[in-house]
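Okay, here's what each chain looks like letter by letter:
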Amino acid sequence: MITRESQRLRSITMMILMTILVWSVTLETCIARKGRHWRHHHSRSSSSSLSDSLSSKKAKSHENSHNNSHSYKSKPKPKQKPKLKTSPPKSGSPVLPQPPQVQPPPPSPLPLQPLEGSQEFNVLDFGAKGDGMTDDTEAFESAWASACKVEASTMIIPSDYIFLVGPISFSGPYCQPNIVFQLDGMIVAPTDSETWGRGLMWWIEFTKLKAITIQGKGVIDGRGTVWWQQDYPFNYPIDDDFKLIVPLNNSVQERPPMPIRSELNGMPSIKPTALRFYGSIDVTVTGITIQNSPQCHLKFDNCVQVLVHDVNVSSPGDSPNTDGIHLQNTRDVLIYSSTLACGDDCISIQTGCSNVYVHGVNCGPGHGISIGSLGKDSTKACVSNITVRDVVMHNTMTGVRIKTWQGGVGSVKGIVFSNIQLTEVQLPIVIDQFYCDHSKCKNQTSAVAVEGVTYEKIRGTYTVKPVHFACSDSFPCIDVQLSGIELKPVQQQYHMYEPFCWKTFGELNSPTVPPIDCLQIGKPARNGVHTDHDICVL
């Protein structure tokens, strides 16, 4: 009985153990499937690796369940996490989507920075059209306003454009130094009277600047024809030396027929200079062409340190008062390698000028290179240390000339004209202390004194008179030096004269052609004396 009962208990015990074993295996499989299903749902990209891992774990669980009937009581070993770019969420945590990996946007491009100490301002970028008809004045003003603020900046007027620009002033004194005005296109002036009002003294002006440069291969065109017409026959001042030129038939030279006033367009009587510099230091003008200015083409007033080279000036020989380069109250000037063709003086040197050096210039047509006129309306004039050399002149009215008004005070001294080549010049050498641009001027005693003038190597041909020295009775010309003078006549349509001298003292340092016997050797016995107030301080 006891043995049978004991076997029965063993059987029951074995059945219970078998039941527990089967239940344990089933539970483990369900848990494994549940885990595989959750991961498959939330991480499709890693399903294959996870399935392999779970399969491996499941096999090990079955193996352990057979080897150890209590394996269901042990905690499952932590599963090795696959190496993913992002960690999977922990079990039981809310599932949050991973933010997309967005590349930061590239930094926005910064404005182009100029080279250190330099920046360019193109007038096209400020609204200029450059079609020759649209008024581009405002665009030029805006471009300058920006360039003015930057040291060593460049204002660009590009080639292949024609810019219509009215009266404009590029002014300081608060602009930065070393600004470059790069002129490669063409600037043209308006021809309607409304733009000019009652008249202006300048068209394009640069004022109170330091180290300003105008350069390029561009053109400034004043379109002066509409202005010149008004001078025929109304307001045209006659150059005094023009009176010396008498045709062979003794007839008065006449201007070409011009329209009567009612046919003119009513431009104001005050005509503008095309390009003017005022009150500026260290000015350079190079490469450009200035043409058809209503009056003077290029003027420097109250400037110091001026450089002009490789500049072209062009206007008809009969265009009135169209000086090529005009200097006034300006010192330390160098002008070279330029071609000047105009209707008045190729270079005019006025009061207040000193230390001026001109060489390598081609002049003609025009009235030659002149110092003056000086002393108008009894004013004081001071000019000193002027050198003009290596110059070619052709078909000009005068060659090298000094002209002063009666009644003026002051002095002209330290003048050198050297190596001047002349072709068919009417009056090659002139000093005229009786200058008058009217039909008649009042005789006066006082005069601007002329002393220390040297003429050397003046050679070529003339058509009226080789030398004309007309000096003041009260203030004769003194210390006039002549050497290497060779001037030969070319008979054209004018009366020809011998050299003329009046109250002119100096030295003949070599034989001259023709002989200039009228020059008085030495110094005058008496000479006028200026008051201390009238003496020029050099």
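Residues numbered from 1 in each chain as written. Predicted model: local features only at pLDDT ≥ 70, side-chain atom pairs only at ≥ 80, totals over all residues. Heavy atoms only, no water.

Per an unreviewed UniProt entry, the recorded name for the protein is Pectate lyase superfamily protein domain-containing protein, and the organism is Eutrema salsugineum. According to the UniProt record, the Sequence similarities (unreviewed entry) comment for the protein reads "Belongs to the glycosyl hydrolase 28 family." Listed under Subcellular location (unreviewed entry) in UniProt, the entry text for the protein is "Secreted, Cell wall". (UniProt positions renumbered as here; feature names shortened; annotations may be inferred.)

Caption draft 1: Structural detail: the state of the cysteines. One pass over the structure, following the stated rule, counts six disulfides. For Cys-148, the disulfide goes to Cys-175, at an S-S distance of 2.0 Å. Handedness here is read from the sign of the S-S torsion; for Cys-148 and Cys-175, about -105 degrees, the answer is left-handed. Of this pair, Cys-148 sits in the loop between helix H3 (137-147) and strand S3 (153-157) while Cys-175 sits in the loop between strand S5 (168-171) and strand S6 (179-183), placing them 27 residues apart in sequence. Across this residue pair, the class does not change: Cys-148 and Cys-175 are buried. Through a disulfide, Cys-501 is tied to Cys-518; the S-S separation comes to 1.9 Å. Disulfide Cys-501-Cys-518: the torsion about the S-S bond is 40 degrees, which places it as right-handed. Separated by 17 residues along the polypeptide, Cys-501 in strand S29 (residues 500-502) and Cys-518 in the loop between strand S30 (504-508) and strand S31 (520-521) bring together distant segments of the chain. Classification of Cys-501 by relative accessible area gives buried; the value is 13%. A residue is classified by how much of its surface remains accessible, and Cys-518, at 25% relative accessible area, is partly exposed. The connectivity of the disulfide bonds within the protein can be written as 1-2, 3-4, 5-12, 6-7, 8-9, 10-11, using the sequence rank of each bonded cysteine. Sulfur of Cys-342: no disulfide; nearest cysteine sulfur belongs to Cys-346 and is 4.5 Å away. (Disulfide = S-S within 2.5 Å. Helix = DSSP H or I, 4+ residues; strand = E, 2+ residues; numbered from the N terminus. Buried < 20%, exposed > 50% of the residue type's maximum accessible area, 1.4 Å probe, protein only.)

Caption draft 2: Spatial organisation of the nonpolar core. Counting residues in hydrophobic clusters, the biggest one holds 95 residues, and the most contacted among them are Phe-140, Phe-206, Phe-277, Phe-300 and Tyr-455. What Phe-206 contacts, discounting residues up to four positions off in sequence, is Trp-144, Phe-170, Phe-181, Ile-212, Ile-214, Leu-275, Arg-276, Phe-277, Tyr-278 and Ser-280. (Core = buried A, V, L, I, M, F, W, Y, C linked by side-chain atoms within 4.5 Å. Contact = heavy atoms within 4.5 Å.)

Caption draft 3: Up close: the environment of Ile-270. Tracing the sequence through the fold places Ile-270 in the loop between helix H5 (225-228) and strand S11 (273-278). Sequence separation of Ile-270 and Gln-295 is 25 residues, and the distance between their C-alpha atoms is 9.2 Å. In this view, Ile-270 contacts Arg-198, Gly-199, Leu-200, Met-201 and Trp-227; residues no more than four positions away in its chain are not counted.

Caption draft 4: Just the pairing of strand S8 (residues 202-207), in detail. Counting buried residues along S8, five of its six residues qualify, which places the element largely inside the surrounding structure. The pairing of S5 with S8 spans four bridges and is parallel. Counted as the bridge partner of Phe-170 is Phe-206 from S8. Sheet analysis places S8 next to S11, joined by five bridges and oriented parallel. Bridge assignment links Phe-206 to a residue of S11, and that residue is Phe-277. (Pairing = 2+ DSSP bridges.)

Caption draft 5: Examining the sheet that holds S11 more closely. As summarised here, the arrangement of the 11 strands in space is S5-S8-S11-S14-S17-S19-S21-S23-S25-S27-S29, forming an open sheet in which the pairing is parallel. Bordering the open sheet on either side are S5 and S29, each of which pairs with just one other strand. This sheet shows a mean twist of 15 degrees between the axes of neighbouring strands, independent of strand direction. The sheet strands contacting H3 are S5 and S8, and the helix crosses S5 at an angle near 0 degrees. (Axes fitted to C-alpha atoms, helices over the stretch in contact; angles between N-to-C directions.)

Caption draft 6: Here's a closer look at the environment of Phe-469. With respect to the helices and strands, Phe-469 occurs in strand S27 (residues 467-470). Using a relative accessible area of 0% as the deciding quantity, one classes Phe-469 as buried. As a C-alpha pair, Phe-469 and Val-430 span 39 residues in sequence and 5.8 Å in three-dimensional space.

Caption draft 7: Representation of the UniProt feature "active site" (unreviewed entry) in the protein in the model. This chain's UniProt record puts "active site" (unreviewed entry) on His-367. With respect to the secondary-structure elements, His-367 resides in the loop between strand S20 (353-363) and strand S21 (369-374).

Caption draft 8: A look at the side chain of Ser-319. Structurally, the position occupied by Ser-319 is in the loop between strand S16 (312-314) and strand S17 (325-328). A polar contact of 3.3 Å, which involves the side chain of Ser-319, links it to the side chain of Ser-315. Here Pro-316 takes part through its backbone oxygen, which lies 2.6 Å from a polar atom of the side chain of Ser-319. Among residues more than four places away in sequence, those in contact with Ser-319 are Trp-228, Cys-342, Gly-343 and Asp-344. (Polar contact = N/O pair within 3.5 Å; in protein donor to acceptor, adjacent residues only side chain to side chain.)

Caption draft 9: Looking closely at the pairing of strand S14 (residues 298-301). Where burial is concerned, the two faces of S14 agree: the one with Leu-298 and Phe-300 and the one with Lys-299 and Asp-301 are both buried. In the sheet, S11 pairs with S14 via four bridges, with the strands oriented parallel. Within S14, the residue paired with Arg-276 across the bridge is Lys-299. Inspection of the sheet shows S14 paired to S17 by four bridges, in the parallel sense. Bridged to Leu-298 within S17 is Ile-325.

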